[in-house]
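If you want the building blocks of each chain, they are given just below.
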Amino acid sequence: MSNSGRVLLVAIDASTSAIIERGMADGSLPNLARLRERGVYGPLGSTAEWLAGTPWPSFYTGSLPPEHGFLFHLQWRPDLMRHDRPSPQWLPLHPFYRGFGHYRRRVVAIDVPITYGIQPDEAFDGVEITGWSSHDKIAPTSAFPAGTFRSMTRRYGRQPIILDIPVAQSVGALLKLKDGLIRSVAKQTALCESLMTTEAWDCLLLGIGAVHRGGHKLWDRTSILGSASPNDLAAYDRALHEVYLACDEAVGRLVKLAGTGSTVIVASLHGMQENHSRFDLLPLMLERILSDGRTAASRTRAQHRVLGGLRTLVPIQLRTEIKSRLPESIQDGLSRFWRPHDRKDWARTSAFCVMGDLQGMIQINLKGRERNGIVEPGAEYQQRLDQIAQGLMTWVDYDTGEPLVRRLARGNELYPEVTDRKIQPDLIVDWVRTPAARHRAITSTTYGTIDWPLPGKPLDGRSGHHTELGWLLAVGEGVRPGTTLQGAHGLDLNATIHALLGLPRPGGMRGEPLPELLGTSRPKSPQQPA
Ligand SMILES: [Zn+2]
């Protein structure tokens with residue numbers, strides 16, 4: 001089997017370009033550093049700039065968020081007035097590589113995040129594993145062909161990365177998590193090596209989930225609950241880098257196996273930084289704004305409300321442990337029950353927050369779209385959005401006066417090039433990029449004060465959260481060593497993989513092939529279906 005024209009993509013999901021660059025420069029990530037010398041490296045933009053949950057579906061469908069419609073693993077359904085888990089029937093999402101069989105190109109795909117398993121009506125030539133060791137999963141683990149699942153789980157275990165626990169944890173639990181993440185990388189690598197040697201492949205995609213989970217949970221000490229010994233703290237401070245090291249080693253092994261004729265791309269579609277999410281306080285802020293400040297009468301009352309919120313925060317760890325043992329449909333039911341987004345008096349609710357975890361997303365209860373809508377389209381809709389937008393801009397940090405909101409976007413004005421839009425939130429809130437855990441309280445001259453329920457801690461236990469900035473490193477026949485990539489986007493990566501394999505793209509897919517990866521002799525002329 002010739003290696004020529006093959007593409008290997010290894011995603012170190014949600015890794016941080018600054019950590020990668022530091023590790024390449026100081027030699028602590030030696031395999032990536034060697035690739036850098038021979039290849040092209042640079043930043044990768046993403047659709048996470050407004051919608052943190054969207055870079056993967058945008059990449060693998062070659063479309064923008066309003067086109068593919070995926071936002072979060074529990075997503076608002078105006079026809080049912082509740083959040084639901086996206087499904088292939090409701091929100092079809094077709095990864096581009098599943099169509100490569102039409103062109104006699106064989107694919108091995110392991111843990112491409114936020115994918116459904118292969119559906120009975122999907123033709124596919126290759127091996128695909130979904131939702132096994134990724135951080136983000138929207139469906140239970142599945143494997144194609146069917147027999148793969150049993151042999152894979154028997155050999156490498158059922159779920160190397162388990163459900164996230166969205167609260168601060170003890171240092172012991174976090175160190176255990178780190179060990180588990182390093183093991184998960186080893187398992188994914190071993191599985192990938194085994195498939196690389198036993199299966200024919202032209203395109204191989206591997207999504208390593210460990211750094212994504214590690215970035216959320218091991219970013220800094222604000223993830224730690226309770227006290228910790230100096231030794232444990234020192235071990236914790238090294239933990240995230242150790243997960244990066246495991247990924248670097250994985251890359252080294254897989255590149256060796258891919259052979260010299262392949263184009264190797266190592267990338268991250270988005271990044272990680274200190275947690276700047278104020279998401280959990282947005283429902284309280286919105287309630288104050290919608291009541292024109294009447295609920296802000298006293299700080300005592302505000303504290304009472306937030307303490308109520310705190311009571312619901314504390315048992316989350318227990319809830320999550322219970323949840324992780326239940327089937328997915330029951331887990332989702334419990335999430336909806338515990339997070340009261342769907343239990344509202346709709347006849348009196350003009351706007352509400354939809355579920356997410358970073359940017360705030362606000363939906364107007366709009367007549368004609370929401371089943372129980374009360375706000376008239378047109379002037380009333382606009383006026384309500386204006387009121388909320390102006391109100392949000394009044395909130396600042398209690399101590400420093402720094403605004404909380406970096407910028408706001410109307411969902412229907414994002415990506416004006418899109419004509420056929422699936423559902424989008426009406427208003428998106430992008431927070432300032434300072435650590436949210438620094439707040440003691442937030443305040444508004446109009447709407448009063450809300451205490452930060454866990455001073456010094458992120459409310460979701462995540463010390464790290466997303467930035468839109470990813471990165472890409474590539475070596476191959478068409479790549480000039482030591483070059484720098486500029487202005488690239490995750491959508492371009494989709495176009496580039498097609499071009500490297502000499503395949504045409506289905507009409508309407510977005511992004512442009514990256515010339516830095518294609519060299520002078522490319523792109524090849526597209527082939528016709530076999
Ligand atoms: Zn994440």
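That block above? That's the structure.
Residues numbered from 1 in each chain as written. Predicted model: local features only at pLDDT ≥ 70, side-chain atom pairs only at ≥ 80, totals over all residues. Heavy atoms only, no water.

S.K.: Help me understand the overall build of the chain in this model?
M.R.: Scanning the chain from terminus to terminus reveals 15 helices and 21 strands. Evaluated residue by residue, the chain yields a buried proportion of 58% over its 530 residues. For the chain, contacts bridging at least 24 residues in sequence account for 72% of all contacts bridging at least 6. Approximately 21400 Å² of the chain is accessible, and the part contributed by carbon and sulfur atoms is 53%. (Helix = DSSP H or I, 4+ residues; strand = E, 2+ residues; numbered from the N terminus. Buried < 20%, exposed > 50% of the residue type's maximum accessible area, 1.4 Å probe, protein only. Contact = heavy atoms within 4.5 Å. Areas by Shrake-Rupley, 256 points an atom, 1.4 Å probe, with all protein chains shown as cover.)

S.K.: What's the story with the environment of Asn-372 in this structure? I'm lost.
M.R.: Considering the arrangement of structural elements, one finds Asn-372 in the loop between β12 (360–364) and α13 (379–392). Its relative accessible area of 31% is what places Asn-372 among the partly exposed residues. For the pair Asn-372 and Asp-79, spaced 293 residues apart in sequence, the C-alpha separation works out to 8.6 Å. Setting aside residues up to four positions removed in sequence, Asn-372 forms contacts with Met-81, Trp-346 and Asn-365. A polar contact is formed between the side chain of Asn-372 and the side chain of Arg-371, at a distance of 3.3 Å. (Polar contact = N/O pair within 3.5 Å; in protein donor to acceptor, adjacent residues only side chain to side chain.)

S.K.: Just to check I follow, could you spell out unusual backbone geometry for this structure?
M.R.: Negative phi is the rule for most residues except glycine; trans is the rule for most peptide bonds. In this model, Phe-144 is joined to Pro-145 through a cis peptide bond whose omega is -5°. Looking at where Pro-145 falls in the secondary structure, it is placed in the loop between β7 (142–144) and α5 (147–156). Unusually for a residue other than glycine, Asp-111 sits at a positive phi of about 60°. Relative to the helices and strands, Asp-111 is located in the loop between β5 (107–110) and β6 (126–130). On the basis of relative accessibility, which here comes to 0%, the residue Asp-111 falls in the buried class.

S.K.: How should I be thinking about the packing of aromatic side chains in this particular structure?
M.R.: For any pair of aromatic rings, the description consists of the separation of the ring centres together with the inter-plane angle of the planes. All told, the structure shown has 11 aromatic pairs when counted by the stated rule. Judged by centre distance (6.2 Å) and plane angle (35°), the rings of Tyr-41 and Trp-471 are tilted. With Tyr-41 in strand β2 (residues 40–45) and Trp-471 in strand β19 (residues 470–475), this residue pair connects regions lying 430 residues apart in the sequence. The pair Tyr-41 / Trp-471 is uniform in exposure class, with both members buried. Here the aromatic cluster, defined as three or more aromatic residues joined through ring pairs, consists of Trp-56, Phe-59, Phe-96, Tyr-97 and Phe-100. In this structure, Arg-77 is placed above the aromatic ring of Trp-90, and the distance from its NZ or CZ to the ring centre is 4.6 Å. The ring of Trp-50 has Arg-407 sitting right over it, with the charged end atom 3.9 Å from the ring centre. (Phe/Tyr/Trp six-rings, centres within 6.5 Å; stacked < 30°, edge-to-face > 60°. Lys NZ or Arg CZ within 6 Å of the ring centre and 35° of its normal.)

S.K.: Quick question: what am I supposed to make of the pairing of β6 here?
M.R.: Regular strands have side chains that alternate between both faces of the sheet. Of all 5 residues in β6, 5 are buried; the element is thus mostly enclosed. Residues Gly-126, Glu-128 and Thr-130 point to one face of β6 and Val-127 and Ile-129 to the other, with burial holding for every one of them. In the sheet, β5 pairs with β6 via 4 bridges, with the strands oriented parallel. In the sheet register, Ile-110 faces β6, and the bridge partner there is Ile-129. (Pairing = 2+ DSSP bridges.)

S.K.: How do you make sense of the pairing of strand β15 (residues 427–431) when you look at a structure like this?
M.R.: Counting buried positions along β15 yields 5 of 5 residues, so the element is predominantly enclosed. Every second residue of β15 is oriented toward a common face, with Leu-427, Val-429 and Trp-431 on one face and Ile-428 and Asp-430 on the other, all of them buried. When strand β14 (residues 405–410) meets β15, the two strands line up antiparallel, connected through 5 bridges. Across the sheet, residue Ala-409 finds its bridge partner in β15, namely Ile-428.

S.K.: Can you help me understand the nonpolar core in this one?
M.R.: Membership of the largest hydrophobic core comes to 57 residues, with the highest contact counts inside it found for Leu-8, Leu-32 and Leu-218. Ranked by the residues each element gives to this core, the list is headed by helix α8 (residues 230–258), at 14 residues. The residues touching Leu-32, leaving out its near neighbours within four places in the chain, are Ile-12, Ile-20, Met-24, Asp-248, Val-251, Val-266 and Leu-473. Core analysis: the second largest hydrophobic core is formed by 43 residues, Val-7, Leu-91, Tyr-116 and Leu-205 among them. (Core = buried A, V, L, I, M, F, W, Y, C linked by side-chain atoms within 4.5 Å.)

S.K.: Which parts of the structure should I look at to understand the sheet that holds strand β11 (residues 351–353)?
M.R.: Each strand in a sheet pairs with another by means of backbone hydrogen bonds, the pair being arranged parallel or else antiparallel. Reading across the sheet, the 4 strands line up as β11-β12-β15-β14 and stay open at both edges, with antiparallel pairing between neighbours. Both outer strands of the open sheet, β11 and β14, are each paired with one neighbouring strand and no more. Across this sheet, the average inter-strand angle for adjacent strands is 20°, counted without regard to direction. Sheet analysis places β12 next to β15, joined by 3 bridges and oriented antiparallel. By the bridge assignment for β15, Gly-360 is matched with Val-429. Across the sheet, helix α9 (residues 282–290) lies against β11, β12 and β15, angled at about 165° from β11, the strand it touches most. Where α13 meets the sheet, it contacts β11, β12, β14 and β15, and its direction lies at approximately 170° from that of β14. (Axes fitted to C-alpha atoms, helices over the stretch in contact; angles between N-to-C directions.)

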